[in-house]
Amino acid sequence: MAQQEDVFKKIVAHAKEYGFVFQSSEIYDGLAAVYDYGQNGVELKNNIKRYWWDAMTLLHENIVGIDSAIFMHPTIWKASGHVDAFNDPLIDNRDSKKRYRADVLIEDQIAKYEDKINKEVAKAAKRFGESFDEAMFRQTNPRVLEHQAKRDALHQRYSDAMNANDLAELKQIIVDEGIVCPISGTKNWTDVRQFNLMFKTEMGSTADGSMTVYLRPETAQGIFVNYLNVQKTGRMRLPFGIAQIGKAFRNEIVARQFIFRMREFEQMEMQFFVRPGEELKWFKQWKEWRLKWHKALGLGDQKYRYHDHEKLAHYANAATDIEFLMPFGFKEVEGIHSRTNFDLSQHEKFSGKNIKYFDPELNESYVPYVIETSIGVDRMFLSVLCSSYEEQALENGEKRVVLHLPEALAPVKCAVMPLVRKDGLPDKAREIVNELKFDFATHYDEKDSIGKRYRRQDAIGTPFCITVDHQTLDDNTVTLRERDSMEQTRVNVADLHKLIHDRVSLTSLLRKLG
Ligand code: ATP
């Protein structure tokens, strides 16, 4: 694990060094859990968004997009339940003055029991070798059973406290389990308090009478309050979906792990409106479609898993997360929820407007049910970055850092380099850039040795380097070098466009989705 943490630190440093992600307001010592995307980061991020957007709106004729405002009428957040219930339980350690989420402290404790069990199993597996029966060991080993019993009891107590919103009990669990602050190492805890995660601001001048508004904590509500506008103006029939990409804001208590948990982040959400009674069929379908979208990127199928929720929010009748193996463990990247007709019914109640859908086939009106797919752009970015990063030892004893980014997502698709800065090679290279730049993000680079230039492109994940040499002037061929294999082939300049296009276009990725 310590090794993985080191790798993660290197990835964060790499992201900064190569213009992917900067700490916000860095020259003022930064703003916690807020980040800026640099020249390469913004391209990677845009490509991720384009991949999602096209997969939703091009591949599904019944899904359209919208772009709703960040500010919305404050009653929307009353109706959605965010004003009253979008809270996290927080607790402070008096010695370190550090603030924690009480639920996270307890979940970490549950994970510790899990770790202990896994260690026992690993130890026994080593001792018994091939004859080891893991299932039997888990069922009978006294130490494993003891840890399991403790874990299950804690889990039960914790769920009961969360369900009952019992803050005193959460504190008591922390005390009883002897959980210490990782910084001060002490158990000097304050009481647990609820903390609302929405940012508030004022709209309008005070002379006019101002109104408290919120920065949206999710993009979904902008879709709900527009669903009938879209349905009517687009003459949509159920089932249909509305997709949206946009910023969301949450005043997270503990912001950790770089861009995994930010206070300002971006979501890609799609709400799929269906007939009541058909929601679980569609939930299953979207679960499959979304995992397929992730796997098509080729980051490694074994890095994904579903985490089905046992405890459901009061409005949901099914929910799962798609988790990705980050350097700090399997973590949620996307949520898929069957949200029933809760949100739309609430908006009907709070607005006093009829927002039922008239179903021409059934000849009746009803409030549709909704399946939601909700993915964080930044977490997706992080999963792509982490799984692409590699420090490679080369045969000649040198080292290179390479980002094996999915080619369609790479910020720069090809770099054109004259071997030397004379003899007309730069002009020829510029000529090639001027051909390719209309379709691909193309770099021109003539500084430093060719080896150094290759390394720079490897470090930002550029799939192709094109080198112009003296032979180019004679026969119009160049060297095409591939990022992952470092293989070099001689190709005709006239073939470059097609060769690159076949590999880096989003189309090839989208075709995998059918
Ligand atoms: P978590 O449990 O990690 O706080 P969540 O379950 O509250 O996440 P949702 O409300 O389901 O998250 O939001 C949908 C998606 O938005 C998440 O899967 C995640 O990718 C992204 N997301 C949520 N909160 C953040 C955040 N603070 N920073 C970055 N991305 C976020």
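Caption draft 1: Main features of the overall build of the protein. Counting secondary structure elements, the protein contains 18 helices and 23 strands. Counting every position in the protein, which comprises 514 residues, the buried fraction comes to 50%. Counting only contacts in the protein whose residues sit at least 6 apart along the sequence, the fraction spanning at least 24 positions is 65%. On the protein, roughly 25,600 Å² of surface is accessible, and the fraction owed to carbon and sulfur atoms is 49%. Side-chain charges of the protein comprise 72 positive and 77 negative groups, with the mean position of each set lying 2 Å from the other.

Caption draft 2: Up close: the site of the ligand. The full set close to the ligand counts 15 residues, and Glu-252, Arg-261, Met-262, Glu-332 and Val-333 are the nearest of them. Protein chains shield 83% of the accessible area of the ligand, which is 590 Å² for the free molecule. Elements with a contribution of two residues or more to the shell around the ligand: β10 (264-274), β13 (329-338) and β16 (369-376). No other element matches β13, which puts five residues into the shell around the ligand. Its residues placed into classes, the shell around the ligand shows four nonpolar, five polar and six charged.

Caption draft 3: Spatial organisation of the sheet that holds β10. The strand order across the open sheet built from seven strands is β3-β9-β10-β16-β13-β12-β11, with neighbouring strands paired in mixed fashion. Two strands bound the open sheet, and with one partner strand each, they are β3 (63-65) and β11 (304-308). Ignoring strand direction, the axes of neighbouring strands in this sheet form an average angle of 25°. Where β10 meets β16, eight bridges bridge the pair, whose relative direction is antiparallel. Bridging across to β16, Phe-272 finds its partner in Ile-371.

Caption draft 4: Structural context of the sheet that holds strand β23 (residues 488-492). Pairing is mixed across the open sheet formed by five strands, whose spatial order is β20-β19-β21-β22-β23. Among the strands making up the open sheet, the edge pair consists of β20 (442-444) and β23. In this sheet, neighbouring strand axes are inclined to one another by 25° on average, regardless of whether the strands run parallel or antiparallel. Inspection of the sheet shows strand β19 (residues 414-418) paired to strand β21 (residues 464-468) by five bridges, in the parallel sense. Looking across to β21, one finds that Cys-414 is bridged to Phe-464. The strands that helix α15 (residues 450-460) touches are β19, β20, β21, β22 (477-482) and β23; relative to β19, the one it contacts most, it runs at about 170°. This element, helix α17 (residues 493-504), spans β19, β21, β22 and β23 of the sheet and lies at about 120° to β23.

Caption draft 5: Helix α12 (residues 342-351), seen in detail. Every buried residue of α12 is accounted for by Phe-342, Asp-343, Leu-344, Gln-346, His-347 and Glu-348. A positive backbone phi angle near 75° is found at Gly-352, which sits one or two residues after α12.

Caption draft 6: Inspection of unusual backbone geometry at higher detail. A cis geometry characterises the amide bond from Leu-238 onward to Pro-239, with omega recorded as -10°. Examined against the element boundaries, Pro-239 turns out to sit in the loop between α10 (227-233) and β9 (240-249). At Ser-25, a residue that is not glycine, the phi angle is positive and equals roughly 55°. Along the chain, the position of Ser-25 falls in the loop between β1 (21-23) and β2 (35-37). Residue class for Ser-25 comes out partly exposed when judged on its relative accessible area of 33%. The backbone of Asp-423 shows a phi angle near 60°, a positive value even though the residue is not glycine. Structurally, the position occupied by Asp-423 is in the loop between β19 and α14 (425-436).

Caption draft 7: Representation of the pattern of salt bridges in the model. The final tally for this structure, using the stated rule, is 44 salt bridges. Asp-152 is the salt-bridge partner of Arg-151, the closest N and O atoms lying 3.1 Å from each other. Relative accessible area serves as the criterion here: at 43%, Asp-152 is assigned to the partly exposed category. A salt bridge links Arg-339 to Glu-372, with the shortest nitrogen-to-oxygen separation between them at 2.8 Å. Of the two residues, Arg-339 is situated in the loop between β13 and α12 and Glu-372 in strand β16; the sequence distance between them amounts to 33 residues. When sorted by exposure, Arg-339 lands in the same class as Glu-372, which is buried. Here the residues in one salt-bridge network are Glu-398, Arg-400, Arg-455, Asp-458 and Arg-481, joined through shared partners.

Caption draft 8: Main features of the pairing of β19. The element β19 is largely enclosed, with a buried count of five among its five residues. Covered by surrounding structure in β19 are Cys-414, Val-416 and Pro-418 together with Ala-415 and Met-417, the residues of both alternating faces. The pairing of β19 with β20 spans three bridges and is parallel. Among the inter-strand pairings, Val-416 is bridged to a residue of β20, identified as Tyr-444. Traced from β19 through α14 to β20, the parallel crossover comes out right-handed.

What counts and how
- Residues numbered from 1 in each chain as written.
- Predicted model: local features only at pLDDT ≥ 70, side-chain atom pairs only at ≥ 80, totals over all residues.
- Heavy atoms only, no water.
- Helix = DSSP H or I, 4+ residues; strand = E, 2+ residues; numbered from the N terminus.
- Buried < 20%, exposed > 50% of the residue type's maximum accessible area, 1.4 Å probe, protein only.
- Contact = heavy atoms within 4.5 Å.
- Areas by Shrake-Rupley, 256 points an atom, 1.4 Å probe, with all protein chains shown as cover.
- Lys, Arg positive; Asp, Glu negative; His and termini not counted.
- Charge placed at Lys NZ, Arg CZ, Asp CG, Glu CD.
- Near = heavy atom within 4 Å.
- Nonpolar A, V, L, I, M, F, W, Y, C, P; charged D, E, K, R; others polar.
- Pairing = 2+ DSSP bridges.
- Axes fitted to C-alpha atoms, helices over the stretch in contact; angles between N-to-C directions.
- Salt bridge = Lys/Arg side-chain N within 4 Å of Asp/Glu carboxyl O.
- Right-handed = clockwise from strand over helix to strand, strands pointing away.

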